[in-house]
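Spelled out, the chains give:
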Amino acid sequence: MLNCVSNMLKSNIQVFSCYFKELPSVALRSGKTAGRRMYHTRSQGDSSVSLVEEFRKTLCSLWQGSQTAFSPDALFYVIWKIMPSFRGYQQQDAHEFLRYLLDHLHREMQGSKNGSPSPTLCNNILTWKNKCTTCLQNGTSTIVTSVFGGILQNEVYCLICGTESRKFDPFLDLSLDIPSQFRIKTRKDQEPGPTCTLNDCLRSFTDLEELDETELYMCHKCKKRQKSTKKFWIQKLPKVLCLHLKRFHWTAFLRNKIDTYVEFPMRGLDMKSYLLEPENSLPERCLYDLAAVVVHHGSGIGSGHYTAYGLHEGQWYHFNDSTVTLVSEEAVLKAKAYILFYTEHTDQESPAKL
């Protein structure tokens, strides 16, 4: 899972990986302890490790051009230290890991208490701020939010009194349900049903929905929980659009995987119809091209294996642990995607390179 996510970020989200590669290196220790790997023990303070620094070193190693496989052991142990829920060797969820990774990178670069970097790293980031003002603004935005950050508008409408409530929520990715009508398994003697598309999932996410009894809206005018409807609009699109397909379904008694194939476009994913104010957006800013796909192989969340497809210099590659294989576009399009990464479309002739 770690190799899968690292390779995806390395090869396909170039503005993101290049930013980290060009950051100055950080000396976390001095004197007799210089150079020692201090992150194996839990007794060290937060200044003994830096996720930003280990992530930087991992990306540099992946880009050095070696033909041999690289194992990100140092990054692995830092993640164990700062993200206790990922300790051990049991199967973990790639989407959950990606969110934790981006969140901790963001917090550490902000210098927050829960993800505070060493003083040296803080100084390096403040120096780098002058070189990349679009990534760090007023100490609140970072390269993480600059690349992956978008904004949703959440509208809730009370069906009793007509009061409408609106709020804006930032997002780093969108988690999309696979509509229930596409989850039905057909028998071998049955004709296959309609193919589920990524736009079906996006429409399901943004369509007007009546909330059920367990999600009654607290209406401030009625002073009580009332029946209501909910609708999402995208107020701001990110540079890199990360779409997570919710393939794992939980009930009171079991967990199962939704194995439905979802058709997704290689180029020209048009997000205009999901925007709050599409008339204020340039048409080309609403188009996205595929950059990477994460796939879960197996029957359940507690088992299986993750691999990734990534586009690099016009060629698609399949990342499978220590193996990297050149593949065709057709092979990518047949994948049962779990996470899709799209970059802003910039050229009518070729896929976007961000």
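Here the residue numbering is sequential within each chain, running from 1 through the sequence in written order. Reporting in this predicted model follows two pLDDT cut-offs: at least 70 for local features of residues, and 80 or more for side-chain atom pairs to be given and counted; totals over whole chains, interfaces and linings ignore these cut-offs and use all residues. Remark: hydrogens and water are excluded; side-chain values derive from all non-hydrogen atoms of the structure.

Caption draft 1: Focus on the overall build of the protein. Along the protein, the regular secondary structure elements total nine helices and 18 strands. Buried residues are those whose accessible area, probed at 1.4 Å on protein chains only, stays under 20% of the maximum for their type, while exposed residues exceed 50% and partly exposed ones sit between those limits. Per-residue burial over the protein gives 45% buried out of 354 residues. Residue contacts are defined here by distance: any two heavy atoms, one from each residue, within 4.5 Å place the two residues in contact. Here the contacts in the protein between residues at least 6 apart in sequence split such that 67% fall between residues at least 24 apart. The protein chains shown are the only cover counted for residues, whose accessible areas, like all others here, come from Shrake-Rupley with a 1.4 Å probe. A total of about 18,700 Å² of accessible surface is found on the protein, and carbon and sulfur atoms cover 49% of it. Helix and strand labels come from DSSP, where a helix needs a run of H or I of at least four residues and a strand needs a run of E of at least two; each type is numbered from the N terminus.

Caption draft 2: Examining the state of the cysteines more closely. By disulfide we mean two sulfur atoms from cysteines, separated by a distance within 2.5 Å. Inspection of the entire model under this criterion finds zero disulfides. Among the cysteines around cysteine 196, which has no disulfide bond, cysteine 201 carries the closest sulfur, lying 3.9 Å off. Judged by relative accessible area, cysteine 196 falls into the buried class, the value being 1%. No disulfide involves cysteine 222; its nearest neighbouring cysteine sulfur is the one of cysteine 161, lying 3.5 Å away.

Caption draft 3: Layout of the sheet that holds strand β5 (residues 209-210). One requirement defines pairing of two strands: DSSP has to find at least two bridges between them. A sheet is described by the order of its strands in space; here four strands give the open sequence β2-β1-β8-β5, paired in antiparallel fashion. Unpaired on one side and paired on the other, β2 (164-171) and β5 mark the two borders of the sheet. Note: strand β1 (residues 150-158) against β2, eight bridges, orientation antiparallel. Considered in β2, the bridge of glutamate 155 is made with arginine 166.

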